[in-house]
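Structure at a glance
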Amino acid sequence: MNTLFLGGLAARVAPRILAKMTEKLDTNVLAELGDMQRLIPALAEAEIVVGHIWRADFPEAPRLKLLQAATAGIDMIDVESLPRGITLCNVFGHEPAIAEYVFATMLALTLRLFDAVMAFRGGSWAAHQPAGGSPHGEIFGKTIGIVGYGRIGREVAKRAVAFGCKVIAANRSPVADKGDAWEIYPLAELDRMLPQCDVVLIAAGLGPETRGLIDARRLALMRPTALLINIGRAAIVEEEALYHALSGSRIGGAALDVWWQHWSPEHPDRRPSRFPFHELPNVLMTPHCSGFTEGTADRRWGDLAANLDRFVRGENLHNLVLKT
């Protein structure tokens, strides 16, 4: 079955995916999306495309039956321009790693860990109680509000309960099984949830209902000591409103792993925001790496390979997003 690994990510991981497959594919690898001399004939023959990008200006793909995204998010796939009669699937495996990141940043901010470490390295005993230091926080008994109660949200909720936290959530669609959550609000009732939270975790996907969801008005509903952690998509939170809320200490702090501006080979030194979040002492910044572990890779490429095997054998596919 003719399979095209399309784009830089798919090209890099193609050997790992193929090594995990049991069925055989006729494969082609094309990292450069702008190479039309190769892209036109490759898409003309492809029955399967593995990649996380689809653009409206792509050449025709008359034989395509499966677009297997190499990521969980499909926001770089122009769904409206996909050929008719294809199946789109995505892939996960990053939930444990991201849940651990959420707790690492939550604990670091609550315990003021970096402040204490850096001050003590510099010779200051300021965090020491007999030296007159002020106590740091703890997450035991705190309320964690999760916006987007999907796979990642549920992994975080499991760990939160083990830490003695209360979990509440808001979700776009109805949730039949609350899992470890105490209460789940419709997304339309997010305003009721936010004032209750010591930590607000953004774990939703980006869509019309979530773009700009956390704006200045909703940031003002949060407690002044509350933390915001975003591992979903940057555009769910209004960039300028968040910067001013943090710089004005209107919320306690933030851990941000997703950004409004991104690295590219053409712009390797691009700042992640128009605003100087890097100057704020109450912000932890990471370059969209929370799920970037070997464990994630092993789970993700194994699951993706298994889905390609299912497709070749004519079996039901996992992680089906839509059919055109």
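In case you missed it, the structure is sitting above this.
Predicted model, so just to flag it, every value in this text is computed and none were measured.

Here we look at the pairing of strand 1 (residues 2-6)
For strand 1, a buried count of 5 out of 5 residues is recorded, marking the element as mostly surrounded by other parts of the structure. Alternating residues of strand 1 divide into Asn2, Leu4 and Leu6 and Thr3 and Phe5, and every residue in both groups is buried. Bridge count between strand 1 and strand 2 (residues 26-30): 5 bridges; the pairing is parallel. Directly across from threonine 3, in strand 2, lies its bridge partner threonine 27. The parallel pair strand 1 and strand 2, bridged by helix 1 (residues 8-20), forms a crossover whose chirality is right-handed. Bridging between strand 1 and strand 3 (residues 48-50) involves 3 bridges; their strand directions are parallel.

Topic: the pattern of salt bridges
Any two side chains of opposite charge can pair, on the condition that their charged atoms come close. Counted according to the given criterion, the structure contains 16 salt bridges. Taking the shortest distance from any N to any O, the salt bridge between aspartate 298 and lysine 20 comes out at 2.8 Å. With aspartate 298 in helix 9 (residues 294-313) and lysine 20 in helix 1, this residue pair connects regions lying 278 residues apart in the sequence. Of the residues examined, aspartate 298 reaches a relative accessible area of 43% and is grouped as partly exposed.

Quick word on the packing of aromatic side chains
One pass over the full model with this rule turns up 8 aromatic pairs. Ring geometry for phenylalanine 103 against phenylalanine 163: centres 5.0 Å apart, planes inclined by 10 degrees, an arrangement best described as stacked. Of this pair, phenylalanine 103 sits in helix 3 (residues 95-110) while phenylalanine 163 sits in the loop between helix 5 (151-162) and strand 7 (166-171); the two residues are 60 residues apart in sequence, bridging distant segments of the chain. Accessibility expressed as a relative area gives 5% for phenylalanine 103, which makes it buried. Its relative accessible area of 35% is what places phenylalanine 163 among the partly exposed residues. On the numbers, 6.0 Å between centres and 75 degrees between planes, the contact of tryptophan 259 with phenylalanine 277 is edge-to-face. With tryptophan 259 in the loop between strand 11 (253-256) and strand 12 (283-285) and phenylalanine 277 in the loop between strand 11 and strand 12, this pair connects stretches of sequence that are 18 residues apart. When sorted by exposure, tryptophan 259 lands in the same class as phenylalanine 277, which is buried.

Here's the deal with unusual backbone geometry
Positioned with a positive phi, serine 249 is a non-glycine residue whose angle comes to about 55 degrees. Inspection of the secondary structure puts serine 249 in the loop between helix 8 (239-247) and strand 11. You can call serine 249 exposed: its relative accessible area is 53%. Even without being a glycine, asparagine 319 presents a positive backbone phi close to 55 degrees. Topologically, asparagine 319 is positioned in the loop between helix 9 and strand 13 (320-323). We classify asparagine 319 as partly exposed; its relative accessible area is 23%.

A closer look at the pairing of strand 9 (residues 199-202)
Side-chain alternation along strand 9 places Val199 and Leu201 on one buried face and Val200 and Ile202 on a second face that is also buried. As paired strands, strand 6 (residues 143-147) and strand 9 are joined by 4 bridges and run parallel to one another. By the bridge assignment, glycine 145 is partnered in strand 9 with valine 200. With 4 bridges joining them, strand 9 and strand 10 (residues 227-230) adopt parallel strand pairing. In the strand pairing of strand 10, isoleucine 202 is matched with asparagine 230. At this point the chain moves from strand 9, through helix 7 (residues 216-221), to the parallel strand 10, and the crossover so formed is right-handed.

Basis of the calculations
Residues numbered from 1 in each chain as written. Predicted model: local features only at pLDDT ≥ 70, side-chain atom pairs only at ≥ 80, totals over all residues. Heavy atoms only, no water. Buried < 20%, exposed > 50% of the residue type's maximum accessible area, 1.4 Å probe, protein only. Helix = DSSP H or I, 4+ residues; strand = E, 2+ residues; numbered from the N terminus. Pairing = 2+ DSSP bridges. Right-handed = clockwise from strand over helix to strand, strands pointing away. Salt bridge = Lys/Arg side-chain N within 4 Å of Asp/Glu carboxyl O. Phe/Tyr/Trp six-rings, centres within 6.5 Å; stacked < 30°, edge-to-face > 60°.

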